[in-house]
Amino acid sequence: MDELLLNEHNKDEFPPAHTAEHLLNQTMIRLFGCGRSTNAHIERKKSKMTFQLDHKPSRQEEKQIEREMQRLIDEDMPVTFEFVTQDSLPEGVSLDRLPSDASETIRLVRIGDYDVCPCIGKHVRSTSQIGRFELLGTNWDEQQRTFRVRFKVVQ
């Protein structure tokens, strides 16, 4: 079957880390009431994501992020795709990050009932394929109120 090309995509993601990015976005939303990452650099060896938060997370909250990520990975949730038109998006799905010339048809990536967002990248088939999530460190910028999370996934 020919693959449907919706939009140009110039990245070659490492699927386990890219799927972990989706999980971490939703985990931060649920734990801190923030939005999705404002800046992400996802790589095979080390990844980093930055979130706009209302406070500097405590060490206990950082441990909670790591525990929750591993719990979600171990849950072995399916990663599925669906195609929708821009005017028929599910509630809560934002088109803010899509390029202005995005196609009318959008590919949504779902991770179980935990997360859904538009994405054309490569993903694993289920969360257990991500491996182990390791929180490498964090940085808090008080002035910008940003929290950077550095992590890697170990297969």
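(A) View of the confidence of the model for the chain. For the chain, the average pLDDT comes to 93, and 93% of its residues sit at 70 or higher. Taken as a whole, residues 1-5 scores under 50 in pLDDT and shows one contact with residues more than four places along the chain or in a different chain.

(B) A look at the pairing of strand E5 (residues 115-118). Here strand E4 (residues 105-111) pairs with E5 via four bridges, running antiparallel. Paired with Ile-111 across the bridge in E5 is Asp-115. Between the antiparallel neighbours E4 and E5 lie three residues, among them Gly-112 with a positive phi of about 50°.

(C) Region of interest: the sheet that holds E5. Sheet architecture is open: three strands sit in the order E3-E4-E5, paired in antiparallel fashion. The strands lining the two open edges of the sheet, one partner per strand, are strand E3 (79-85) and E5. Pairwise comparison of adjacent strand axes, ignoring direction, gives a mean angle of 25° for this sheet. Pairing geometry for E3 and E4, over seven bridges, is antiparallel. Paired with Phe-83 across the two strands is Arg-107, which belongs to E4. Of the strands in this sheet, E3, E4 and E5 touch helix H1 (residues 15-32), which is tilted by about 75° from E4.

(D) Molecular detail of H1. Given a rise of 1.5 Å per residue, 18 residues ought to cover 26 Å, and the 26 Å separating the end C-alpha atoms of H1 matches this to within 8%. Positive phi appears at Gly-33, one or two residues downstream of H1, with a value of about 65°.

How each quantity is defined
- Residues numbered from 1 in each chain as written.
- Predicted model: local features only at pLDDT ≥ 70, side-chain atom pairs only at ≥ 80, totals over all residues.
- Heavy atoms only, no water.
- pLDDT = per-residue confidence, 0-100.
- Contact = heavy atoms within 4.5 Å.
- Pairing = 2+ DSSP bridges.
- Helix = DSSP H or I, 4+ residues; strand = E, 2+ residues; numbered from the N terminus.
- Axes fitted to C-alpha atoms, helices over the stretch in contact; angles between N-to-C directions.
- Expected span 1.5 Å × (residues − 1).

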